[in-house]
Amino acid sequence: MNMFCYQCQETAKGTGCTVQGVCGKSATVSNLQDLLVYTLKGISEIVVKGNVDVKSIGRLNHEVLNSLFMTITNANFDDGAIKAQIAKMIGLRNELRNKVKAGNLHDAAVFEAEPEDMLNKAMLVGVLATENEDIRSLRSIITYGLKGMAAYTQHALNLGKEDSEIYDFIYKALAATLDDTLSADDLVALVLKTGEYGVKAMALLDEANTSKYGNPEITEVNIGVRNNPAILISGHDLSDLEQLLEQTKGTGVDVYTHSEMLPAHYYPAFKKYDHFVGNYGNAWWKQTTEFETFRGPILFTTNCIVPPKNEEVRRRIFTTGSAGLPGCRHIEADEKGRKDFSEIIELAKTLPAPQEIENGSIVGGFAHNQVLALADKVVEAVKSGAIRKFFVMAGCDGRMKSREYYTEFAKALPKDTVILTAGCAKYRYNKLNLGDIGGIPRVLDAGQCNDSYSLAVIALKLKEVFGLEDINKLPIAFNIAWYEQKAVIVLLALLYLGVKNIHLGPTLPGFLSPNVAKVLVDRFGIAGIGSVDEDINLFLA
Ligand code: FSO
Ligand code: SF4
């Protein structure tokens, strides 16, 4: 075994990547990511045992978020960048340890490793270092949930919003994964607590996004192209997008979104840029062909990156933030968070305009504020029976053939049902023209995966309007597609909010041990997916 990683839905054989990642991650990168997470656990133990006030360690808080984000699936493939981050975190850890009295500490809080021996250390500290498979499973769920939480918290931070309670929780939960005295029940409770803080993190990001860029509104997004040179921006970070739009203004270079950046078009603040042309292509995994036809530079603000086989494409890729890809230029922020994208803009000017792969438009922008503005209409449609049921189909897309299920499911849903979506899962059905119900489109896109929070706000509001005591009494079914760790925190958030009977596909996580899976089934009614017809009958019964 060269490595062990089972954190995403595409993990080899559904049980774990052991030779190299299906995602393209090398064993070296995978092992170094394990060591980085291990270092964070040691830091967390010092913070918790030393009673450190998280408000006094701002830089460390930010670097912990960045470190966690670097280990999310498809975010960072650069072993050099991960080694440098481990060294930075060991340095910060030692500084902190010298300042506080934390008593007896775990190896994670005291080990030293020079760059040349990091790999040897890394091989000893991964997921499999926990022998009991249930404890390993629970520790993994918590760790992956924290990775997703860190991603959302970092986006909020980039817009100037922070919440020390979230940092506090991240340290406590990471430290708990080193604590051998905790029972499986203790860890199950911590899994739910992680969901509670997931809701806080998503609420914080929602507040950061909407206070800065306005509330998303119904928007028609162009999916065709114009004849100017252009830059494609992918990932999830709106502050990077804003800086790119500002810097490309008046240069003759257009900007298009890819995959999870599509929902940026729904924000009022970005509508003023007439060179912000539209969305190019589909979900992240289609980049292997779509980046070839785009022809201009590509900026990755976060995951999901597919390491390109085509060297010409690689030369056009730039990364920033927690993302990284060897051989590609990484744009760092200055101390004020400003980024200089001039190199990308200059490169764009030398390259041809994008090649058209489709034309027309798609509609989105149904985040909580917009849907609640339509609440009367929606409630009326439910009361009159025009809308029989809502299907939350938020989440991720991915390469697996079995994900065609979601397209077929959307097509087969009766015409009196509405799909609520968020995340890149939408690309499986957002171009199907499923029509509308009395002016309400049958696919309502709230935004990115983190905007799944909007769907929860909508559900809670409907619960109130209909005077229900239990969110599960609403005519809403949950058929969610997952891929990586941001989907894990969204799932934990929904469980915390009391949502039951969520169907999760296309396969259940490899990191659920049989006993842990049983807890999720017994306590929350979590289920996998079956055939489209069977599932539709089940949901409508
Ligand atoms: Fe998709 Fe990738 Fe947004 Fe994920 S682009 S898969 S859950 O990063 O974060 O939905
Ligand atoms: Fe495998 Fe997914 Fe881990 Fe990549 S992130 S190594 S595909 S489990």
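In this text, all values refer to a predicted model and were calculated from it rather than measured experimentally. (Residues numbered from 1 in each chain as written. Chains lettered and ligands numbered in written order. Predicted model: local features only at pLDDT ≥ 70, side-chain atom pairs only at ≥ 80, totals over all residues. Heavy atoms only, no water.)

Engineer: Hey, could you run me through the site of ligand 1 in this one?
Structural biologist: In the neighbourhood of ligand 1, 14 residues make up the surrounding shell, with H236, C304, C424, C449 and E484 lying closest. The separation between an oxygen atom of ligand 1 and a polar side-chain atom of N303 is 3.0 Å. A distance of 3.4 Å separates an oxygen atom of ligand 1 from a polar side-chain atom of K486. Tallied by class, residues from the shell around ligand 1 come to seven nonpolar, four polar and three charged. Formed jointly, the shell around ligand 1 draws a minimum of three residues from each of two domains, domain 2 (219-349) and domain 3 (365-540). (Near = heavy atom within 4 Å. Polar contact = N/O pair within 3.5 Å; in protein donor to acceptor, adjacent residues only side chain to side chain. Nonpolar A, V, L, I, M, F, W, Y, C, P; charged D, E, K, R; others polar. Domains from an automatic or database assignment.)

Engineer: Explanation requested: the pattern of salt bridges in the structure shown.
Structural biologist: Side chains bearing opposite charge may pair, as long as their charged atoms lie close to each other. One pass over the structure, following the stated rule, counts 28 salt bridges. Note that R139 and D180 form a salt bridge whose closest N and O atoms lie 2.9 Å from each other. Within this pair, whereas R139 is found in helix 5 (residues 133-158), its partner D180 is found in the loop between helix 6 (164-176) and helix 7 (184-213), the two being separated by 41 residues in sequence. Note on R139: relative accessible area 10%, which makes it buried. Where K349 meets E346, a salt bridge forms, and the shortest distance between an N and an O atom there is 3.1 Å. Of this pair, K349 and E346 both sit in helix 11 (residues 342-349), three residues apart, which is roughly one turn of that helix. Linked by salt bridges that have partners in common, E260, K426 and D445 make up one network. (Salt bridge = Lys/Arg side-chain N within 4 Å of Asp/Glu carboxyl O. Helix = DSSP H or I, 4+ residues; strand = E, 2+ residues; numbered from the N terminus. Buried < 20%, exposed > 50% of the residue type's maximum accessible area, 1.4 Å probe, protein only.)

Engineer: Help me understand the environment of G145, please; the structure alone is not making it clear to me.
Structural biologist: Here G145 is to be found in helix 5. Sequence spacing of G145 and G438 is 293 residues, and the spatial spacing of their C-alpha atoms is 39 Å. Beyond its immediate chain neighbours, meaning those up to four positions away, G145 contacts T194, V488, I489 and L492. (Contact = heavy atoms within 4.5 Å.)

Engineer: Looking at this structure, how should I read helix 9 (residues 287-294)?
Structural biologist: Since the α-helix advances by 3.6 residues per turn, residues separated by three or four positions end up pointing in the same direction. Regarding helix 9, the residues found buried are Q287, E290, F291, T293 and F294. An end-on view of helix 9 places all buried positions within 165° of arc, on one side of the element. Where helix 9 is buried, its residues touch strand 2 (230-234), strand 3 (254-257), strand 5 (298-300), helix 10 (311-314) and strand 6 (317-320). Backbone geometry just downstream of helix 9 places R295 in the positive-phi region, at approximately 75°. (Arc of directions from axis to C-beta.)

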